[in-house]
Amino acid sequence: MNYKNKAFSRYKIRLIFFVLIFLLLMISFNNVIAQNDFPTDDQVNAIAKELYCPVCENIPLDVCPTQACAQWRALIKEKMTAGWTKDEIKQYFVEQYGDRVLAQPPARGLNWLVYIMPPVVFVGGIVVVYLNLKKIKKSSEKVIQDSNINNDKYLKEIEEALNVLNKKEDLS
Amino acid sequence: MLPNLGYGSLVITLIVSIYAIVSAVIGERKNLYKYVESARLALLLTFPLLTLTVISIVILLVNQNYEVQYVYNVTSSTMPLYLKVTALWGGQAGSLVFWAWLMAAFGTAVTLRKWDRDLDLLPWVIIVSSVTLVFFLIMIIAFENPFIRFWTLPSGGELVAMFAPAGSQLIHPFDGRGLNPLLRHPGMIIHPPMLYLGFVSFVIPYAFGMAALITGRKDDRWIRLTRRWTLVAWMFLSIGLILGSRWAYDVLGWGGYWAWDPVENAAFMPWLSGTAFLHSVMIQEKRGLFKRWNMILVIFTYSLVIFGTFLTRSGVLSSVHAFAQSAIGPMFFIFIGLSFIISLAFLIKRWDELRSEGIMTSLLSRESLFLINNLLFIGILVVVFWGTVYPLISELFTGQKVTVGPPFYNSTTGPLFVGLLLLMGIAPLSAWGHSTWKTLGKALWIPAIGSLILLVVLLVSGVRSIGALIGLTVASLAAFVTIYEFWRGMKARHKRSGENYLVALWKLTVRNRRRYGGYVIHLSVVFMAIGIIGIELFQTETQGRIAPGESLSLAGYTVTFKNLAEFDVADGRNVARAVLSVSKNGKDLGELYPRRDFYYDSQQPMTIPGVRSTVEDDLYIILVNWEQISSMGATFKVFHNPLINWLWYGGFLLVVGSFIAAWPDPEKEIELVPSRILRKETGKLVSKP
Amino acid sequence: MENSHTDEPKNQKKLPRWVIIAAFAVLLGFLTLMGWGLRNAQQGPVQVGQKVPAFELTTFDGEKIKTDDLIGKVIVVNFWASWCKPCEQEAAELEDAWRYYKDSGEVVFLGVDYVDTETEAMRYLEKFEITYPNGPDLRTAISQIFRISGVPETYIIDKNGKLASRKIGPFVTIGEITSMIDSALNQ
């Protein structure tokens, strides 16, 4: 029992040893792959697309041709290799270079105005239009009968011609 | 002494236009026709005078007179002739002269028309046009004189001045600095004049609107008189915007056509309010509604034109397109302030008189749908305006610079644009005055079935993007409705008069140009919507570094790098040009040549993509980087832009539609009113009871 | 139809005063904003003689330098970046000037690295053997204080915290730098 146990544990140690070596190899092998393939240009660009560099105003980082932007893309690559996530990288850029690197202002403080203002004005517009349309309802029943007068004469001609036509087609 | 001639005629134009203002004011105050007539003739003079100025500049540019600062700044000896001529609008000073010249041309054109019925409007139209012209002339003469030259003083110092300082000599630089290479593109040669044409011709409807507002005329004469102007202005602005997008697509080399850049927005905003105006004037013509709203819209449009020009030229907002900073900013600011305040003041003064003559009668009537259309256009305008201005607000209150970029605009304006497309499908079928669900449904069901079939086809073919499904279905509804309308009219004519279908279609369109021209424009918008949906929602891209013989693949295309060469070209460029062979599913499709041009005179690089265009998609390749010495490997960025060409097709169709809609009908224009002769005899401008 | 005409005057009330006031207020607010933006765009960098607001530079080594603590000394603020070719022209001269004044203790050099990446910046500092404190322009705060229009730009602040002189573009000779600093020292 004892012996058996000992043999087993020796076997076990050996196994663990081999597994460890194998794992180490795997890891280093993986690292080699990572250095070649990860991150690809496309992966870098996917993040760069959402960033704006102050050197080229209003052009996303992934397509900006300046040297400064090329360096920024290299920085993204560096951080990705170090295992940073997209949000971490973006946060790093904000801390380094300010809010202007983001494609839209972060929703906090005064910046809420960016997002609130358009809907508020639009709702205001809807209210104005609604008030105008409400006037209709009051009078529409009475007016609806004779409101054709202003209609396009030509359109009416066509409508009439079409009606005649449709009737003929129905008959035949 | 060409510079002196050009400058002299600038100064004379200024004096003449100031005279026009004064004379028109006197004529209006004293109700005397002869003063107004004198003002009109003065305004007529401005065009030939400014033409002299423009010709002087062009000759200086073509003759390479580099002693003139403007010529030195925008041309160089390596530039071809057509670029030297178009360098007229390549810089700040020249483009201001060009602006003023167009303003004079339009002012002239407008005063040449028959004024019989509308003499009371004439003095104010002259005043508004001349004031705008005077403002631009003062800016040119005081701050941006294109004729100033380089001089050496006897003391040895150098300076730029209009006239020779005592004892000084002209300096003749050997060569100029050359036009910004970004601007050396066919699109950039036509794009600014189109935009300016659009901008300047919107001044005319505004002048008429203000004239009506000031004189207190309540009828819709000003709208009828300027209908065609508005349409033409709108067309030029549209062409300008489309060419600008095309230029960005071809030259800026970032695979897109529109970046929501402040300067792009500056040109887009008057287009939005102008488009709303174009629709809403029809309600006033047909139903006498929305008089105030139309005034507001025309004032908005003019203000946005001036504001846009201000944004581009003052350096308030930074942008790739912006002109170099100059002293005209404060001047512009004062002009903007005054014109805004004066317009608003008159609007408020006449507010009560401008009430609607009719009343809206039905929720589904054409006018209600137009009202919603206006709401959507103004909604988009507010979003664009806010996004453009917000970075300034942020900097003012928090000291923090921010970017308001495409994600903001796309998510906020996207639904509004879809709403507009939907209206485009419904509104043409609704009647003025009233429509009911029943009448509307009767007309709508055939096109609607067409759209539903398309939706099913899209779903079956594997399209899963919600945005694309909604967008394409709604766009197709608008297209089917428009085609259906043509079909109905054509069929009716055919049955009634026995004309064959083509003749029927032709006569239908010719007899009712405004309506069917409008429909053609609607169709063009559908085309553009398809292009935009294609590139916005289905664009794919990949980037990679490849050695000769290696390839990248994207969307079924395989791009193989053959070789790369670097060489100098006679016109002052260093070119790095890659040769790539393209194949799709094993079939050879020829070669593409993305390149990088480096301009020695301005020390600026340019990335010119290699593009293969078809109806269904574009393959768009940019040369990102390469090995300088060995040219063994290069990095390429490949974009696949589905359907993008529909955007440009739509642009062509838009021009066709605008021409149909704006083509004058000769028989209607002639109105024999003898009042003019009468007025000439009495000498009174307006016969007041 | 007859109904609508009699209804109309009731619907179309006179424009209330508050609407008029609001309209003008919005317009004036907008004009103020534009005017302010224009002033900012036109005023250019900090003017000579103006008080320079205090700022803090965190160097690449993590040291924090506050200009408040440096009152009584002449501060040379140099904006640069590793991607900036003209900056390389003046890098050696700036370092020489720093070594010249270093021991006097009256002059402080601060290098502000504008929109740059740390790796490249460190390589640049190493290449030109720069020893005076350098740090990134975090959130572009410092460049916004000076309203720089590009790199390189150099600002010399006198002992009282006012701007003594500025240089847009690179220095060509060391004499140019020392004469500017000397005149600030002698004030």
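Worth saying up front: this structure is predicted, and the values here are computed from it rather than measured.

Rules used in this analysis
Residues numbered from 1 in each chain as written. Chains lettered and ligands numbered in written order. Predicted model: local features only at pLDDT ≥ 70, side-chain atom pairs only at ≥ 80, totals over all residues. Heavy atoms only, no water. Helix = DSSP H or I, 4+ residues; strand = E, 2+ residues; numbered from the N terminus. Buried < 20%, exposed > 50% of the residue type's maximum accessible area, 1.4 Å probe, protein only. Axes fitted to C-alpha atoms, helices over the stretch in contact; angles between N-to-C directions. Left-handed = near helix turned anticlockwise from the far one by under 90°. Contact = heavy atoms within 4.5 Å. Nonpolar A, V, L, I, M, F, W, Y, C, P; charged D, E, K, R; others polar. Pairing = 2+ DSSP bridges. Core = buried A, V, L, I, M, F, W, Y, C linked by side-chain atoms within 4.5 Å. Buried area = accessible area lost by both parts, 1.4 Å probe. Salt bridge = Lys/Arg side-chain N within 4 Å of Asp/Glu carboxyl O. Polar contact = N/O pair within 3.5 Å; in protein donor to acceptor, adjacent residues only side chain to side chain.

(A) A look at the environment of B:Leu554. All names here are of chain B. One can find Leu554 in strand β5 (residues 551–554). Judged by relative accessible area, Leu554 falls into the buried class, the value being 11%. Taking the C-alpha atoms as reference, Leu554 lies 7.2 Å from His640; in sequence the two are 86 residues apart.

(B) Focus on the packing of helix α15 (residues 437–460) of chain B against helix α16 (residues 466–497) of chain B. All names here are of chain B. Their axes nearest at 8 Å, the elements α15 and α16 cross at an angle of 145°. In the packing of α15 onto α16, the handedness of the crossing is right-handed. Touching Ala443, Leu444, Ile446, Pro447, Ala448, Gly450, Ser451, Leu454, Leu455, Leu458 and Leu459 of α15 are Leu469, Leu472, Thr473, Ser476, Leu477, Phe480, Val481 and Tyr484, all from α16. Here the residues of the contact of α15 with α16 are counted per class, giving 15 nonpolar, four polar and no charged.

(C) View of the pairing of strand β1 (residues 149–152) of chain B. Residues and elements named next belong to chain B. Pairing between β1 and strand β2 (residues 158–161): four bridges, direction antiparallel. Of the residues in β2, the one forming a bridge with Trp151 is Leu159. Across two bridges, β1 lies against strand β3 (residues 169–170) in antiparallel orientation. Looking at the pairing, Thr152 lines up with Gln169 of β3.

(D) Looking closely at the nonpolar core. Of all hydrophobic cores here, the largest spans 275 residues; its most connected members are A:Ile76, A:Phe93, C:Phe146 and C:Ile181. For this core, the element with the most residues is helix α9 (residues 221–252) of chain B, which contributes 19 residues. In contact with C:Ile181, other than residues within four places in its own chain, are C:Val74, C:Val76, C:Tyr101, C:Val107, C:Phe109 and C:Ile156.

(E) Quick peek at the sheet that holds β3(B). Pairing in this open sheet of three strands is antiparallel, and the strands run β2-β1-β3 (chain B) from one edge to the other. Looking along the sheet, the strands with just one partner apiece sit at the ends: β2 and β3 of chain B.

(F) Looking closely at the interface of chain A and chain B. In this assembly, 52 residues from chain A lie in contact with 63 residues from chain B. Counting the surface lost from both chain A and chain B, the interface buries some 5,000 Å², and carbon and sulfur atoms represent 62% of this. Its salt-bridge partner being A:Asp62, residue B:Lys637 comes within 3.0 Å of it at the nearest N-O pair. The tally of links between chain A and chain B comes to 12 residue pairs in polar contact (both at pLDDT 80 or more). Mapped onto the side of chain A that touches chain B, the elements with two or more residues apiece are α2 (41–48), α5 (112–143) and α6 (153–171) of chain A. The dominant element in the side of chain A that touches chain B, judged by the number of residues it contributes, is α5(A), at 17 residues. When grouped by side-chain class, the residues that make up the side of chain A that touches chain B number 27 nonpolar, 13 polar and 12 charged.

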